[in-house]
Amino acid sequence: MAKLWGGRFDGQNESWIDAFGASISFDQKMAAQDIKGSLAHVSMLAHTGIITAAEADKISAGLNSLQEKLAQKNLEFTVENEDIHMNLEAYLAAEIGPTAGKLHTARSRNDQVATDMHLYLKDVVAQLIPKIQHFRDVLVEKASENVHTIMPGYTHMQHAQPLSFAHHLLAYYEMLTRDQTRFTENLQRIDVMPLGSAALAGTTFPIDRFFTAEKLGFSQVYNNSLDAVSDRDFILEFLSNSAILMMHLSRFCEELILWCSHEFQFVELTDSFSTGSSIMPQKKNPDMAELIRGKTGRVYGNLFGLLTVMKGLPLAYNKDFQEDKEGMFDTAETILTSLDIMAGMIDTMKINKEQMAKATESDFSNATELADYLASHGVPFREAHEIVGKLVLSCLKRGIYLQDVSLSEYQQIQDVIGPDIYEKLSSYNAVKNRHSYGGTGFSQVEEQVKAAQVQLQKEKEAEAE
């Protein structure tokens, strides 16, 4: 099969060389975007008089026919035609004849593929932001149901201080809110059109790039043709944002995996998000959470892969750019699916409130309450800290907890301690009394829930306008 670029060449590549150089196995994912870009381009060619209206109509009809065949999955792509652009051009030529050759006037595969990727990521982010928003909705709804659910808070994976479970969930809401903001800002860099930059230097044809941009729904065009065909910052930003998002999901998954273990028993994931063992009939494994935790590594790898490809490339286009797509596709599919799974797991998981609360009564996570009590009665905090530390050590040796220490012993240690100390040591009260802004106190958490609900409602109203 003759190459569309073959006029310069006498020789012919071996078939395995063609296969190594071809990208059609993966860039066919952008077939819809490629046709969309071509329809806008041919409309511009007619608008500027570069081709006739009759030629544009014929090319557009052919492209529309390909679009229908693509939707019906009736197009087969070949390695011989290398990439999605040349495969579609070959199909167009078969549809309408030699007039198809005029479609590529005033453009190159360099600006064409860049445009396809911008269009692809615009489509991905348009799906992604509502998914993040939905997961945030789920977190807030679950938090609203669990303001008074008490759980141990951890530092260094050791019991630290008791928390409202809602407070813990809302920490992830805040992370996801930042993720959504990052992708929204990323969209500004994605929403820039490279088409019309041709191979690297622009074109001698009287094109109208702003006309094409309007047709394609881009708000901006690249100012510099060299930058337009060689920029992959918008993909790197997407991959970086995705890596941060997956890191947040992975952290949450790690906690879910711990929480549903026999040792914790804080939550139970539904059967829909669990699997069993082929040999141990009692097992219920949190495989979906583990997979998300594992897939985070591949998303990191996709980011570092493209950074490495880009680090030594001179301007403008280089064949190395063929390596910019598979990681982008893989990351997009991974994060879109992961968000659906996360939202489903959290929405349907069973929370063992009694077990969570019990875990805060059989520990020393109320030690800070005793130190704060002493400090509020005039004992310098550093001195209070030492007193409580020694008492904890004594309790550990005796196999008791702070709430088991008698009032007389407390008063021997510090005569400022009164009977109200036992109320202060209650994990429920330890949570309730933390009124500082952003803290885990019930009143504060209720305010955080309300603020999140208002924020989400505003976002939905803004989208509806």
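Residues numbered from 1 in each chain as written. Predicted model: local features only at pLDDT ≥ 70, side-chain atom pairs only at ≥ 80, totals over all residues. Heavy atoms only, no water.

- The name given to the protein chain in an unreviewed UniProt entry is Argininosuccinate lyase, with Enterococcus canintestini as the source organism.
- The protein chain has a UniProt comment under Catalytic activity (unreviewed entry) that states "2-(N(omega)-L-arginino)succinate = fumarate + L-arginine".
- In UniProt, the protein chain has this text filed under Subcellular location (unreviewed entry): "Cytoplasm". (UniProt positions renumbered as here; feature names shortened; annotations may be inferred.)

## Digging into the overall build of the protein chain
- Looking only at helices and strands, the protein chain features 19 helices and six strands.
- The C-alpha radius of gyration computed for the protein chain amounts to 30 Å, which surpasses the reference 23 Å derived for 465 residues by more than 25%, pointing to a less compact arrangement than a globule.
- Considered along the principal axes of its C-alpha atoms, the protein chain spans approximately 100 × 50 × 40 Å.
- The contacts of the protein chain with a sequence gap of at least 6 include a subset with a gap of at least 24, amounting to 76%.
- Summed over all atoms, the accessible surface of the protein chain reaches about 22,600 Å², with 53% contributed by carbon and sulfur. (Helix = DSSP H or I, 4+ residues; strand = E, 2+ residues; numbered from the N terminus. Rg over C-alpha atoms; globule rule 2.2 N^0.38 Å. Contact = heavy atoms within 4.5 Å. Areas by Shrake-Rupley, 256 points an atom, 1.4 Å probe, with all protein chains shown as cover.)

## Examining unusual backbone geometry
- For the bond from Leu315 to Ala316, the omega torsion is 10 degrees, close enough to zero to count as cis.
- Phi at Glu82 is positive, roughly 70 degrees, even though this residue is not glycine.
- Tracing the sequence through the fold places Glu82 in the loop between α4 (53-71) and α5 (84-96).
- Glu82 sits in the buried class, given a relative accessible area of 11%.
- Although it is not a glycine, Ala198 adopts a positive phi angle of roughly 60 degrees.
- By the element assignment, Ala198 lies in the loop between β3 (192-193) and α8 (209-216). (Buried < 20%, exposed > 50% of the residue type's maximum accessible area, 1.4 Å probe, protein only.)

## Details of the UniProt feature "domain: Argininosuccinate lyase C-terminal" (unreviewed entry) in the protein chain
- Taking the UniProt record as the reference, the feature "domain: Argininosuccinate lyase C-terminal" (unreviewed entry) is found at residues 364-431.
- With 66% helix and 0% strand, residues 364-431 has its two end C-alpha atoms placed 14 Å apart.

## Things to note about the nonpolar core
- In terms of nonpolar packing, the biggest core is built from 81 residues, with Phe135, Phe238, Phe252 and Met345 touching the most fellow members.
- Listing elements by their share of this core, those giving two or more residues are α6 (109-144), β1 (150-155), α7 (165-190), α10 (233-259), α11 (287-310), α12 (326-348), α13 (353-359) and α19 (442-464).
- Mapping this core onto the domain boundaries places at least three of its residues in each of domain 2 (110-207 + 223-359) and domain 3 (361-464).
- Residues in contact with Phe252, not counting those within four places in the same chain, are Phe135, Leu139, Leu169, Tyr172, Trp259, Met342 and Ile346.
- Of all hydrophobic cores here, the second largest spans 22 residues; its members include Ile24, Ala31, Ile59 and Leu63. (Core = buried A, V, L, I, M, F, W, Y, C linked by side-chain atoms within 4.5 Å. Domains from an automatic or database assignment.)

## Here we look at α12
- Taking 1.5 Å as the rise per residue, α12 with 23 residues should run 33 Å; its terminal C-alpha atoms sit 33 Å apart, in good agreement.
- Among the 23 residues of α12, 17 are classified as buried, and the element is accordingly described as predominantly covered. (Expected span 1.5 Å × (residues − 1).)

## Some words on the pattern of salt bridges
- Following the criterion strictly, the structure yields 21 salt bridges and no others.
- In this structure, Lys102 engages Glu55 in a salt bridge whose closest nitrogen and oxygen atoms are separated by 2.5 Å. Of this pair, Lys102 sits in the loop between α5 and α6 while Glu55 sits in helix α4, and the two are 47 residues apart along the sequence.
- Note that Glu82 and Arg109 form a salt bridge whose closest N and O atoms lie 3.3 Å from each other. On the criterion of sequence distance, the pair formed by Glu82 in the loop between α4 and α5 and Arg109 in helix α6 is long-range, its members being 27 residues apart.
- Residue class for Arg109 comes out partly exposed when judged on its relative accessible area of 27%.
- Each of Glu82, Asp83 and Arg109 takes part in a single network of salt bridges with overlapping partners. (Salt bridge = Lys/Arg side-chain N within 4 Å of Asp/Glu carboxyl O.)

## Let's talk about the domain arrangement of the protein chain
- Examined at the domain level, the protein chain breaks down into domain 1 (19-105), domain 2 (110-207 + 223-359) and domain 3 (361-464).
- When each unit is reduced to the centre of its C-alpha atoms, the spacing between domain 1 and domain 2 is 33 Å.
- Each partner contributes residues to the interface: domain 1 has 21 residues there, and domain 2 has 17 residues.
- Across the domain 1/domain 2 interface, buried area totals approximately 1,600 Å², and carbon plus sulfur atoms make up 66% of it.
- A per-residue breakdown of the area domain 1 buries against domain 2 is headed by Phe26, Met30 and Gln33, which together make up 37% of the total.
- Linking domain 1 with domain 2 are one salt bridge, by the criterion used here.
- A salt bridge links Glu333 to Lys29, with the nearest nitrogen and oxygen atoms 2.9 Å apart.
- Connecting domain 1 to domain 2 are five residue pairs in polar contact (both at pLDDT 80 or more).
- Of all elements in the fold, only α1 (15-21), α2 (24-27), α3 (31-47) and α5 reach the threshold of two or more residues within the side of domain 1 that touches domain 2.
- Counted by class, the side of domain 1 that touches domain 2 contains seven nonpolar, ten polar and four charged residues. (Buried area = accessible area lost by both parts, 1.4 Å probe. Polar contact = N/O pair within 3.5 Å; in protein donor to acceptor, adjacent residues only side chain to side chain. Nonpolar A, V, L, I, M, F, W, Y, C, P; charged D, E, K, R; others polar.)

## Re a nonpolar patch on the surface
- Together, Leu200, Leu226 and Leu315 make up a nonpolar patch on the protein surface, roughly 270 Å² of accessible area in all.
- By the secondary structure assignment, Leu200 is in the loop between β3 and α8.
- Accessibility expressed as a relative area gives 40% for Leu200, which makes it partly exposed. (Patch = residues over 30% accessible without salt bridge, like charges linked within 9 Å, V, L, I, M, F, W, Y side chains within 5 Å.)

## Observations regarding helix α15 (residues 381-398)
- An ideal rise of 1.5 Å per residue puts 26 Å on 18 residues; α15 measures up with 25 Å between its terminal C-alpha atoms.
- Taken together, the buried positions of α15 are Ala384, Ile387, Val388, Leu391, Val392 and Cys395. Taken end-on, α15 shows its buried residues confined to a sector of 140 degrees, consistent with a single buried face. Away from its buried face by more than 90 degrees, α15 exposes Arg382, Lys390, Leu396 and Lys397.
- At its buried positions, α15 is contacted by α14 (367-376) and α16 (407-413).
- Where α15 ends, the next residue or the one after it, Gly399, has phi of about 75 degrees, a positive value. (Arc of directions from axis to C-beta.)

## Here we look at the packing of aromatic side chains
- In the structure shown here, the tally under the stated rule is twelve aromatic pairs.
- Note on Tyr120 and Phe329: the rings are 5.0 Å apart at their centroids and 80 degrees apart in plane angle, and the pair reads as edge-to-face. Here the residue Tyr120 occupies a position in helix α6, and Phe329 occupies one in helix α12, the gap between them amounting to 209 residues.
- The class for Tyr120 is buried, based on a relative accessible area of 10%.
- Ring centres 5.2 Å apart and planes at 40 degrees place the aromatic pair Tyr317 and Phe321 in the tilted group.
- The exposure class of Tyr317 is partly exposed, given its relative accessible area of 27%.
- A relative accessible area of 1% means that Phe321 is categorised as buried. (Phe/Tyr/Trp six-rings, centres within 6.5 Å; stacked < 30°, edge-to-face > 60°.)

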